[in-house]
Amino acid sequence: MKVTNDIKYIGVNDHQIDLFEGQYIVPNGMAYNSYVIMDEKIAVMDSVETGFTKEWMENIQNVLGGRTPDYLIVHHMEPDHSANIVNFINQYPDVKIVASARAFTMMNNFFGIDFAEKQMVVGEGDILSLGKHQLTFLMAPMVHWPEVMMTYDSADKVLFSADAFGKFGALDVEEDWACEARRYYIGIVGKYGVQVQNVLKKVSKLDVQTICPLHGPVLSENLEYYFNLYQVWSGYQPEEEGIMIAYTSVYGNTKKAALLLAEQLKTKGNIKVVINDLARCDMAEAVEDAFRYSKIVFATTTYNGEIFPFMREFIQHLTERNFGNRTVAFIENGSWAPMAARVMKGMFEKSKNINYTVTTVKIMSALNEESIAQINALADELL
């Protein structure tokens, strides 16, 4: 695939994978992206996951047309992008490896060798000339590993963005970009919003017309849309007005309360309402919804003096990703000693800019007139 006249796509699609990074469901697979810049000197940008060595090597050979690459540029050392470094060096022993200093340390960790005689260590603002193409390196530590860097090609105005602006899904499947990019960002990069914003400031000074990420499609149209989403996500701001209800239920009574609240919200107001059963939904999808919408209701039972395990896991996913800037409400159920609301609120004690509703719904085993009235009051307050 041609990105520009001189930049070619040589990545692969993985439809064998079921869980990315051992936890994220990827029904449409994954793309491991790699690129070649053809100039007086040739640079290969990153490798691919270990199961696709043969396909990737064939892609490289087809693009090179008998020529030999001069550089392998390593933006990120996760194995889905670095696993074939040794195989590449074995095939092209005269190549130089271009990477950050920390990347070479990680190479030694992964492969038992740091390629000392092949190293070209680069730092912030360093430039590598391929001829017409001048490559400038931007360090991007903790987006989302400490060794990460990006590369800007001033000739074709292309940003090689490492894992930033990536998404779940193979490239031979059509699907909405934002949905899977949001789930990817929040799950994998979401904790590092400050670092993402630092990189966005650097990138804003460049004339970027194309983004080449390590996952997902090459982006070359309406780039302001993608940059704006990254500003919102990395700033932990709601993407849109809406109310998410997340619940767990043992015998169905907490579920009834959650569904009743959703019905009241939809009847009384003109606002989007989404509901997630945390025991049955994809947890990553639930986390995505929590970061997408402006208000969230947590409904769960008291369980062993704490809260139900799926709710605890869900809240931990949120807080470890710096969840904040939201309106939060609680529905608790406890047959003899309700504790859930207090426990949940305590889990958010370090979260910033949480606006708690005045109304907290308390259910003693099953809904009654009092708790139904509280649900009506909570619906009014949320609206």
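So, a few notes on the structure that sits alongside this text. Being a predicted model, the structure only gives us computed values, none of them experimental.

Brief notes about helix α7 (residues 223–234)
So, step 1. Spanning 12 residues, α7 covers 17 Å between terminal C-alpha atoms, matching the ideal 16 Å at 1.5 Å per step.
So, step 2. Along α7, the positions that sit buried rather than exposed are Leu223, Tyr226, Phe227, Leu229, Tyr230, Trp233 and Ser234. The buried residues of α7 occupy an angular sector of 160° when projected down its axis, which confines them to one face.
So, step 3. Once α7 ends, the next one or two residues include Tyr236, with phi positive near 60°.

Some points on the nonpolar core
So, step 1. Of all hydrophobic cores here, the largest spans 94 residues; its most connected members are Phe88, Met107, Phe298, Phe314 and Leu318.
So, step 2. With 8 residues, helix α5 (residues 177–189) is the single largest residue contributor to this core.
So, step 3. Excluding anything up to four places from it in sequence, Met107 contacts Val74, Met77, Ile85, Ile97, Ala99, Gly112, Ile113 and Phe115.

Concerning the sheet that holds strand β14 (residues 158–160)
So, step 1. Reading across the sheet, the 5 strands line up as β11-β12-β13-β14-β15 and stay open at both edges, with mixed pairing between neighbours. With partners counted over all chains shown, the strands left at the sheet margins are β11 (127–129) and β15 (210–212), one partner each. Each adjacent strand pair in this sheet contributes to an overall mean axis angle of 20°, direction not counted.
So, step 2. Contacts from helix α6 (residues 193–203) reach β12 (134–139), β13 (149–153) and β14, with the element oriented near 155° to β12.

Structural notes on the environment of Gly11
So, step 1. Relative to the assigned elements, Gly11 resides in the loop between β1 (7–9) and β2 (12–14).
So, step 2. By relative accessible area, which is 10% here, Gly11 ends up buried.
So, step 3. Through-space distance from the C-alpha of Gly11 to that of Ile60 is 9.2 Å; in sequence the pair is 49 residues apart.

Brief notes about the pairing of strand β18 (residues 293–303)
So, step 1. Counted residue by residue, β18 has 9 buried out of 11 residues, so it is predominantly covered.
So, step 2. One ladder, built from 6 bridges, connects strand β16 (residues 240–247) with β18; its direction is parallel. Across the sheet, residue Tyr247 finds its bridge partner in β18, namely Ala299.
So, step 3. Summarising the sheet, β18 and strand β20 (residues 326–333) pair through 7 bridges and their orientation is parallel. Paired with Thr301 across the two strands is Asn333, which belongs to β20.
So, step 4. Inspection of the sheet shows β18 paired to strand β19 (residues 306–307) by 2 bridges, in the antiparallel sense. Residue Thr302 lies in a different strand from β19, and its bridge partner there is Ile307.
So, step 5. Linking β18 back to β19 in an antiparallel pair, the connection comprises 2 residues, with Asn304 at a positive phi of about 55°.

What counts, and at which threshold
- Starting afresh in each chain, residues are numbered from 1 along the sequence in its written order.
- Local features are withheld for residues below a pLDDT of 70 in this predicted model, meaning they are given only at 70 or higher, and side-chain atom pairs are given and counted only at 80 or more; totals for whole chains, interfaces and linings count all residues.
- The basis for every side-chain value is the complete set of heavy atoms in the structure, and neither hydrogens nor water enter the calculation.
- Counting from the N terminus, the helices are the DSSP runs of H or I reaching at least four residues and the strands are the DSSP runs of E reaching at least two.
- By this rule the span expected of a helix is its residue count minus one, scaled by 1.5 Å.
- Under the scheme applied here, a residue whose accessible area is under 20% of the maximum for its type counts as buried, over 50% as exposed, and between as partly exposed, the area being computed with a 1.4 Å probe on protein chains only.
- Throughout, the arc means that of the directions going from the helix axis to the C-beta atoms.
- Only buried residues count toward a nonpolar core, which is a set of Ala, Val, Leu, Ile, Met, Phe, Trp, Tyr and Cys residues joined through side-chain atoms within 4.5 Å.
- We call two residues in contact when some of their heavy atoms are within 4.5 Å.
- By the convention used here, strands pair only if DSSP detects at least 2 bridges between them.
- To get an axis, fit a line to the C-alpha atoms, keeping to the stretch in contact for a helix; angles then go from 0 to 180 degrees between the N-to-C directions.

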